[in-house]
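Architecture and fold: a report
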Amino acid sequence: MNGLSLAFDSLVCGLMGVLTAVTVLFLVMPLIVVVLTSFNPTTVTFPPRVWSLQSYAVIPKVAIDAFVRSLILGVLSAALSVLLCVPAAIALVKARVPGRPFIEMALRSPLQFPAIILGVAFLQYYFFWQHKLSLPLVGTFWGLLIAHTVYTFPFVLVPIIARLSAPGARLEEAAAGLGAGTLTTVMRIVIPLLRPGIVAGMFTGFVMSFEDVAVTMFLVGSNMTTFPVYLLGNAEVSNTPSLYASASLGALVALALVLLVERFFGLRTVLGKG
């Protein structure tokens, strides 16, 4: 019986391994197709009949500008979300705020609506202020930054609240009992304990901002587009190797970001409970 049980366990483990490999291949295959197709010189074929880096040499300047703009927008919106989420999370978890469930529900509300509805709402809201105060926000970087900060805010807030609510986060009570002041407790106890949640929030916020299309496509202008919106617009009207080369740049940045996070923080820390 023991021999049959071991053989059955080995068979199950083998099948699970094959299933895992097939699943991973299924998930990464679209990315592999995009990267390999980018090595076509002039026409799009898969696999390429002639391998060349020509498509990377002719990436339009507008694509590079949109790529850099999306990077800056993602970093700034994630950073602003952290600056807003840390005090908000501390107030919600540690202070007795009247109507706390309703406030938290309001802060998480961008998660409850489809992103495309949020984009339409921002468009109408910006037009309202543009009419009342002559404040142009549609088609500007600041308008995109405000919208992306609001959009990424709940994605940053959730891991910070989760980390602050963990049992280990109650060490500040012990610090206060030993005579530490509020500022000292926050800077030396609370913030270090929140670091995994902050890193997880910034990571998620950057990714959500960098890849967003549904919100952004309502707010971009002719000279102020983002990288995903640029790719979507060009994919609808053309199919060139340079388009695949541009998309490969985005994949390269995503890979570099994952490797940096793994190197300095560990993906288990960032994607887990901290």
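What counts as what
- Residues numbered from 1 in each chain as written.
- Predicted model: local features only at pLDDT ≥ 70, side-chain atom pairs only at ≥ 80, totals over all residues.
- Heavy atoms only, no water.
- Core = buried A, V, L, I, M, F, W, Y, C linked by side-chain atoms within 4.5 Å.
- Buried < 20%, exposed > 50% of the residue type's maximum accessible area, 1.4 Å probe, protein only.
- Helix = DSSP H or I, 4+ residues; strand = E, 2+ residues; numbered from the N terminus.
- Contact = heavy atoms within 4.5 Å.
- pLDDT = per-residue confidence, 0-100.
- Expected span 1.5 Å × (residues − 1).
- Bend = angle between axes of the 7 residues up to and from the residue.
- Patch = residues over 30% accessible without salt bridge, like charges linked within 9 Å, V, L, I, M, F, W, Y side chains within 5 Å.
- Areas by Shrake-Rupley, 256 points an atom, 1.4 Å probe, with all protein chains shown as cover.
- Salt bridge = Lys/Arg side-chain N within 4 Å of Asp/Glu carboxyl O.
- Phe/Tyr/Trp six-rings, centres within 6.5 Å; stacked < 30°, edge-to-face > 60°.
- 1 Å grid on protein atoms, 1.4 Å probe; cavity = no way out; pocket = protein on both sides within 12 Å on 5 of 7 lines; lining within 4 Å.
- Points joined across faces, edges and corners; volume = space filled by probe spheres on them.
- Nonpolar A, V, L, I, M, F, W, Y, C, P; charged D, E, K, R; others polar.

What follows deals with the nonpolar core. One finds Phe 122, Tyr 126, Leu 144, Ala 147, Tyr 151, Val 215 and Leu 219 to be the most contacted residues of the largest nonpolar core, which totals 18 residues. For this core, the secondary structure elements donating two or more residues are α5 (115–133) and α6 (141–164). Ignoring any residue separated from it by four or fewer positions in sequence, one finds Ala 147 in contact with Phe 122, Tyr 126, Val 215 and Leu 219. If you look at the next biggest cluster of nonpolar residues, it comprises 14 residues, including Val 82, Cys 85, Val 156 and Leu 164.

Right, let's talk about the confidence of the model for the protein for a bit. Averaged over the protein, the pLDDT score is 80; the fraction of residues at 70 or greater is 84%. Between the elements of the protein, mean pLDDT differs from a low of 57, seen in helix α11 (residues 267–271), to a high of 88, seen in helix α3 (residues 61–94).

Under the 1.5 Å per step criterion, the end-to-end length of α6 is 33 Å for 24 residues, consistent within 8% with the ideal 34 Å. At Thr 152, α6 shows its largest kink, close to 35 degrees, and the proline Pro 154 lies no more than four residues downstream. Most of α6 sits out of view: 17 of its 24 residues are buried.

Right, let's get into a nonpolar patch on the surface. Taken together, the side chains of Val 24, Leu 25, Phe 26, Leu 27, Val 28, Met 29 and Ile 32 present a nonpolar region at the surface, about 650 Å² in accessible area. Looking at the secondary structure, you find Leu 27 in helix α1 (residues 2–37). What makes Leu 27 exposed here is its relative accessible area of 61%.

Our focus in this paragraph is the pattern of salt bridges. Counted by the stated rule, this structure contains one salt bridge. Of the charged contacts, one joins Asp 65 and Lys 61 as a salt bridge, the two residues approaching to 2.9 Å between their closest N and O atoms. Remark: Lys 61 and Asp 65 occur in helix α3; sequence separation between them is four residues, near one turn of the helix.

The final tally for this structure, using the stated rule, is twelve aromatic pairs. With a centroid separation of 5.7 Å and an interplanar angle of 70 degrees, the aromatic rings of Tyr 151 and Phe 155 are classed as edge-to-face. Separated by four residues within a single helix, Tyr 151 and Phe 155 lie in helix α6, roughly one turn from each other. Taking relative accessible area as the criterion, Tyr 151 reaches 10% and is therefore assigned buried. Taken together, Phe 122, Tyr 125, Tyr 126, Phe 128 and Trp 129 form an aromatic cluster joined through their ring pairs.

Right, let's talk about the layout of surface pockets for a bit. Estimated volume of the largest pocket: approximately 390 Å³. Every residue lining the largest pocket is counted, 17 residues in all, and those nearest its centre are Phe 210, Glu 211, Gly 250, Ala 251 and Ala 254. Of all the secondary-structure elements, those providing two or more residues to the lining of the largest pocket are α1, α8 (182–211), α9 (227–237) and α10 (241–264). Take the lining of the largest pocket: its biggest share by element is seven residues, from α10. Looking at the lining of the largest pocket residue by residue, the classes come out as 15 nonpolar, one polar and one charged.

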